[in-house]
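# Report on the structure
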Amino acid sequence: MPLLMLRDLPQYECLLSAAIRYPSLDPGAADVFLNLLRTGDLVAEAESAFLMRRGVSHGRFTVLMLLNRCPAEPSTPAELADAAGVTRATMTGLMDTLEKDNLLAREADSSDRRAVRVRMTPKGQDFIDDLLPDYFRCVSAIMQPLADGERKQLVVLLQKVQGGLPPSRTAEPPVSATPVQ
């Protein structure tokens, strides 16, 4: 589901008018925020379309990418869920479909019979190895309009924005005690 439901972003002049009614509205911040949401939606849409054309959901792709970090070292379902930022129940569902397609395997932990370890199968490794070159070309095409210096600058700016976010996904962003002028 898109983060921003608007197809047409408000013009800056509209934001200036709204700021008269709502003094806490910083038109510049709102403009950047709306454009950030729109860009995130478009990037996610492009990635999703790419993955769907190759028959894999974003969730399944994420699990395979996590397992591909260290293919020789199996992970636990809890480690995968934490790294993906999903619930353990969601991870179980993703692993079920990947296992059904023989892209990953669950194995009993040799040191703890109660624990399960997850690893990519050879078919899963072949799948991700075949997919990644085109995926990286897609990512490069999305970022192609930016020069190298702009890319580095964008990363720095996005990290600054991330630094202003609350640590928890459910927490509200900090509210400034000083009114915006």
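Presented here is an overview of the structure given in this document. Here the structure is a predicted model, which is why all the values come from computation and not from measurement. (Residues numbered from 1 in each chain as written. Predicted model: local features only at pLDDT ≥ 70, side-chain atom pairs only at ≥ 80, totals over all residues. Heavy atoms only, no water.)

## Description of the overall build of the protein chain
Stated precisely, the cut-off is as follows: Going along the chain from the N terminus, every DSSP run of H or I of four or more residues is numbered as a helix, and every run of E of two or more is numbered as a strand. Note on classification: 1.4 Å probe, protein chains only; a residue is buried when its accessible area is under 20% of the maximum for its type, exposed when over 50%, partly exposed between these limits. Whether two residues touch is decided by their heavy atoms; if any such pair falls within 4.5 Å, the residues are in contact. Reported accessibility uses the Shrake-Rupley method at a 1.4 Å probe radius. Residues are deemed covered only where the shown protein chains occlude them.
A count of helical and extended segments in the protein chain gives seven helices and two strands. Start at the N end of the protein chain and walk to the C end: the helices and strands fall as α-α-α-α-α-β-β-α-α. Within the span of the protein chain, comprising 181 residues, buried residues form 23% of the whole. Relative to all contacts within the protein chain whose residues are 6 or more apart in sequence, the contacts with residues 24 or more apart total 50%. When the accessible area of the protein chain is evaluated, it comes to approximately 12700 Å², of which 58% is carbon and sulfur surface.

## Description of a nonpolar patch on the surface
Basically, it comes down to this: Patch membership requires over 30% relative accessible area and the absence of a salt bridge. Like charges are linked within 9 Å, and nonpolar side chains (Val, Leu, Ile, Met, Phe, Trp, Tyr) within 5 Å. What counts as a salt bridge is simple: a side-chain nitrogen of Lys or Arg found within 4 Å of a carboxyl oxygen of Asp or Glu.
Where nonpolar side chains cluster on the molecular surface, the patch consists of Leu36, Leu154, Leu158 and Val161 and spans about 280 Å² of accessible area. Per-element accounting of the nonpolar patch gives the leading share, three residues, to helix H7 (residues 148-163). With respect to the secondary-structure elements, Val161 resides in helix H7.

## Topic: the packing of aromatic side chains
As a reminder, the rule being used: Stacked, edge-to-face and tilted labels apply to pairs of Phe, Tyr and Trp rings (six-membered ring for Trp) whose centres lie within 6.5 Å, assigned for plane angles under 30 degrees, over 60, and everything in between, in that order.
Taken as a whole, this structure holds three aromatic pairs when the rule is applied. With a centroid separation of 5.8 Å and 65° between ring planes, the pair formed by Tyr135 and Phe136 is classed as edge-to-face. A relative accessible area of 44% places Phe136 in the partly exposed class. Through pairs of rings, three or more aromatic residues link up here, namely Phe50, Phe61, Tyr135 and Phe136.

## Regarding the side chain of Asp109
Tracing the sequence through the fold places Asp109 in the loop between strand S1 (104-108) and strand S2 (116-120). Classification of Asp109 as buried rests on a relative accessible area of 15%. Residues contacting Asp109, with those up to four places away along its chain left out, are Ala115 and Arg117.

## Quick look at the environment of Gly93
Note on placement: Gly93 falls in helix H5 (residues 88-100). For Gly93, a relative accessible area of 31% puts it in the partly exposed group. As a C-alpha pair, Gly93 and Arg60 span 33 residues in sequence and 9.6 Å in three-dimensional space.

## Topic: the side chain of Thr121
Position of Thr121 relative to the elements: it lies in the loop between S2 and helix H6 (122-143). Take Thr121: its relative accessible area is 5%, and that puts it in the buried class. Discounting residues that sit within four places of it in the chain, Thr121 has contacts with Asn102, Leu103, Leu104 and Ala105.

## Quick look at the environment of Arg21
Rule in force here: Polar contacts here mean pairs of N or O atoms no more than 3.5 Å apart (in protein, one a potential hydrogen donor and the other a potential acceptor; neighbouring residues in sequence count only if both atoms are side-chain atoms).
Along the chain, Arg21 turns up in helix H1 (residues 12-21). For Arg21, a relative accessible area of 63% puts it in the exposed group. Engagement of the side chain of Arg21 in a polar contact is seen with the side chain of Tyr22, the distance being 3.0 Å.

## So, H5
Put simply, the rule reads: To estimate how far a helix should reach, multiply one less than its number of residues by 1.5 Å. Regarding the arc, it is the one traced by the directions from the helix axis to the C-beta atoms.
Here H5 spans 18 Å end to end across 13 residues, near enough to the 18 Å set by a 1.5 Å rise per residue. Every buried residue of H5 is accounted for by Met91, Leu94, Met95 and Leu98. All buried residues of H5 fall inside an arc of 100° around its axis, so they share one side. Counted as exposed and oriented over 90 degrees from the buried face of H5: Ala89 and Lys100. Residues of H5 that are buried in the fold lie against helix H3 (58-69), helix H4 (77-84), S1 and S2. Count one or two residues on from H5 and you reach Asn102, which has phi positive near 60°.

Remember that the coordinates give geometry; whether it matters functionally is a separate question.
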